[in-house]
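Single-letter residue listing:
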Amino acid sequence: MLDLPHPTPDAPTADCFALAKALSGVHFIGGRYVPARSGKTFAVVNPATGAEVARAAEGDAADVDAAVLNAAEAQKAWAKVPARKRGALVHACAAAIRTHVDELGRLIALETGKALRTESRVEANVVADVFEFFGGLGSELKGESVPFAPNVLSVTVREPLGVVGAIIPWNVPMLLMALKVAPALVAGNSVVVKSAEEAPLAVLRICEIMNRILPPGVFNMVSGFGPECGAPLVAHPKVRKVTFTGSVETGKIVAKAAAEKLVPVTLELGGKSPMIVFADCDFEKTVSGALTSMRFTRQGQSCTAASRIYVERPIFDRFVAEMKNAVDAMVMGDPLDEKTDIGTIVSEGQLEKVKAYIAEGTATPGATAHVCSAMPTDPALKKGLFIQPVIFTGLDNSSRLVREEIFGPVTVIQAFDDPETVLAQANDSEYGLAASLWTNNLKVGLDLAHRLEAGLVQINQNLVVQANLSYGGVKSSGLGKEASLEAMLEHFTHKKTIMVNMA
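Just so you know, the residues in each chain are numbered from 1, in the order the chain's sequence is written. A pLDDT threshold of at least 70 governs which residues receive local features in this predicted model, and a stricter bar of 80 or more applies before side-chain atom pairs are shown or counted, although totals over entire chains, interfaces and linings include all residues. The side-chain numbers reported here are obtained from all heavy atoms of the structure, hydrogens and water having been left aside.

### Observations concerning the environment of Cys-303
Position of Cys-303 relative to the elements: it lies in the loop between α10 (283–293) and β12 (308–312). Partly exposed residues are those whose accessible area sits between 20% and 50% of the maximum for their type, while under 20% is buried and over 50% is exposed, using a 1.4 Å probe and protein chains only. Look at Cys-303 and you get buried, because its relative accessible area is 12%. Placed 32 residues apart in sequence, Cys-303 and Gly-271 show a C-alpha to C-alpha distance of 4.8 Å. Beyond its immediate sequence surroundings of up to four residues, Cys-303 is in contact with Asn-171, Glu-268, Leu-269, Gly-270, Gly-271, Lys-272, Ser-273, Glu-405, Phe-407, Leu-433 and Tyr-471. Only DSSP runs of H or I covering at least 4 residues are called helices, and only runs of E covering at least 2 are called strands; the numbering of each starts at the N terminus. Only heavy atoms enter the contact rule, under which two residues are in contact if any of them lie within 4.5 Å.

So this is what it looks like as structure tokens:
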């Protein structure tokens, strides 16, 4: 039985407001909810209304130390649990999460402003899928027999690293948490997650659900701000692996801190993903794919968003018009309303950043801002962080809107005339996370796919991260991979060689 300072319901609940309050003011350390050592909390705000819905524990170095020490102690026994049994326990966690999918979807919609039907419930389902996938990989933690010499038995084994410190962002916090926690646990590590300030509640609830199944201390969660909570986690001497998703600037700080301890780090950073559309594409499918690729239902708050779209000139005008019509048909409104397609921006600061980019693009000579959809009219949402999606034309590759990650519902569409020119434009970026190509000429598509500087290239589709498909970028988009068996083996274990002289 969990030792809770205040009750949260065991059964799934549809009342996300009550659940948010029940989750207020606590971390999850050593198998139980605990308040911050300082007693400090900070507000969790519903971005659709501006109302405070909860208080999160404001963690600092003392909280981090308690979490890491609990994790380090628990990891000793967890590493001795047979790998397939660890996998079975993680698989059982997936089943438990599935019973809470609607609850988790509502909770994440409440704290992030992402629409329930099109985004938040989908994310909760994928989270369960990720834990289910990695739960089945326990038997893959195997080594090799090395033919060194006839009288020497030489084998390799995979061993866990120890305590993993994981820092996650706010845009898809449940999914990105799962991509770090699931492989780390199956590999025999324990984990301390530092949640995003804007979205601490749903991941905290998942941690509690999983701790009904996992041994205490194996999976811990702290909340707080980067300098006071994230930095001590990265720097803690007992943290033997750091995995981070967030901005390039913060990623560099994390990498430097990890380097001081000589511990491995995985970084999933920003993106400025190109979408290349050829005139011979399946036009209707491609327009629909552009809506998905740009992640408009998430207000463009995605590192893989197709925020620069290159369209072959013969279909350029038609494509722009049809894409605008399609976004116009999307409903912006209360994230918890099943009729809503598009929710809000996550925070006031992010909203102001997006507005500044839109203002700059609108003021650029020769540029046209195609403003789409419509603001909600419900008076209850008048303080919400809503913004209309904008499609820009008339900007070139020198524009900041083409070069920088906006993390908002803003995309730039440019015309091109030949494959070599568009390839050079697409690769002219510091980022290299994802890209997509839309053409019925697979010879052209595959040729460009091999030459695009991106970690993930899709042809005639642009799916979000999927379990079992290696995911991670090149250049400033990061270091290392996630979501695959390869990620679990290479980033959450080390290979030990054992030699026995039998002469």
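Text resumes after the structure shown.
### So, the domain arrangement of the protein
All domain edges in this entry derive from an automatic or database-based domain assignment. Each assigned domain of the protein is listed here: domain 1 (16–269 + 478–497) and domain 2 (274–459). Domain 1 and domain 2 are separated by 31 Å when their C-alpha centres are compared. At the interface, 27 residues of domain 1 touch 28 residues of domain 2. Between domain 1 and domain 2, a total of about 2,100 Å² is buried, with carbon and sulfur atoms accounting for 56% of that surface. As used here, buried area is the combined drop in accessible area, with a 1.4 Å probe, of two parts when they are placed together. If you sort the residues of domain 1 by the area they bury against domain 2, Ala-48, Arg-117 and Trp-170 come out on top, with a joint share of 25%. In what follows, salt bridge is the name for a side-chain nitrogen of Lys or Arg lying within 4 Å of a carboxyl oxygen of Asp or Glu. At the junction of domain 1 and domain 2, the tally comes to three salt bridges.

### So, helix α5 (residues 116–135)
A helix is expected to span 1.5 Å for every residue after the first. Compared with the 28 Å implied by 1.5 Å per residue over 20 residues, the 27 Å span of α5 between its first and last C-alpha is a close match. Burial runs high along α5: 15 of the 20 residues are buried.

### Describing helix α14 (residues 419–427)
Of the residues making up α14, those classed as buried are Val-422, Leu-423, Gln-425, Ala-426 and Asn-427. The secondary structure elements touched by the buried residues of α14 are β11 (274–277), β12, β15 (410–416), α15 (442–451) and β19 (474–475). Structurally, the start of α14 carries an N-cap: the backbone nitrogen of Glu-420 is 3.2 Å from a side-chain oxygen of Asp-418. Any N or O atom pair separated by 3.5 Å or less is treated as a polar contact, with the protein-specific requirement of one donor-capable and one acceptor-capable atom, and with residues adjacent in sequence counted only for side-chain atom pairs.

### A word on the packing of aromatic side chains
The relation between two aromatic rings is expressed through the spacing of the ring centres and the mutual angle of the planes. Two rings from Phe, Tyr or Trp (for Trp, the six-membered ring) form a pair when their centres sit within 6.5 Å of each other. Planes less than 30 degrees apart are called stacked, planes more than 60 degrees apart edge-to-face, and all others tilted. By the definition in use, this model includes six aromatic pairs. Judged by centre distance (4.7 Å) and plane angle (50°), the rings of Phe-42 and Phe-225 are tilted. Here Phe-225 lies in the loop between β8 (219–222) and α8 (226–235) and Phe-42 lies in strand β3 (residues 41–45), a separation of 183 residues in the sequence. We classify Phe-42 as buried; its relative accessible area is 7%. Their ring planes at 90° and their centres at 6.2 Å tell us that Phe-283 and Phe-319 sit as a pair that is edge-to-face. Of the two residues, Phe-283 is situated in helix α10 and Phe-319 in helix α11 (residues 316–328); the sequence distance between them amounts to 36 residues. The exposure classification of Phe-283 matches that of Phe-319, with both residues buried. Taking the ring centre of Phe-492 as reference, the NZ or CZ of Lys-241 above it sits at 5.6 Å. Seen from the ring of Phe-283, Arg-318 lies directly overhead, with NZ or CZ sitting 3.6 Å from the centre. The rule for a charge over a ring is simple: NZ of Lys or CZ of Arg within 6 Å of the ring centre, and within 35 degrees of the ring normal.

### Quick look at the side chain of Thr-266
Residue position: Thr-266 is located in strand β10 (residues 265–268). Take Thr-266: its relative accessible area is 4%, and that puts it in the buried class. Discounting chain neighbours no more than four positions away, the residues touching Thr-266 are Lys-241, Val-242, Thr-243, Phe-244, Leu-479, Gly-480, Lys-481, Glu-482 and His-491.

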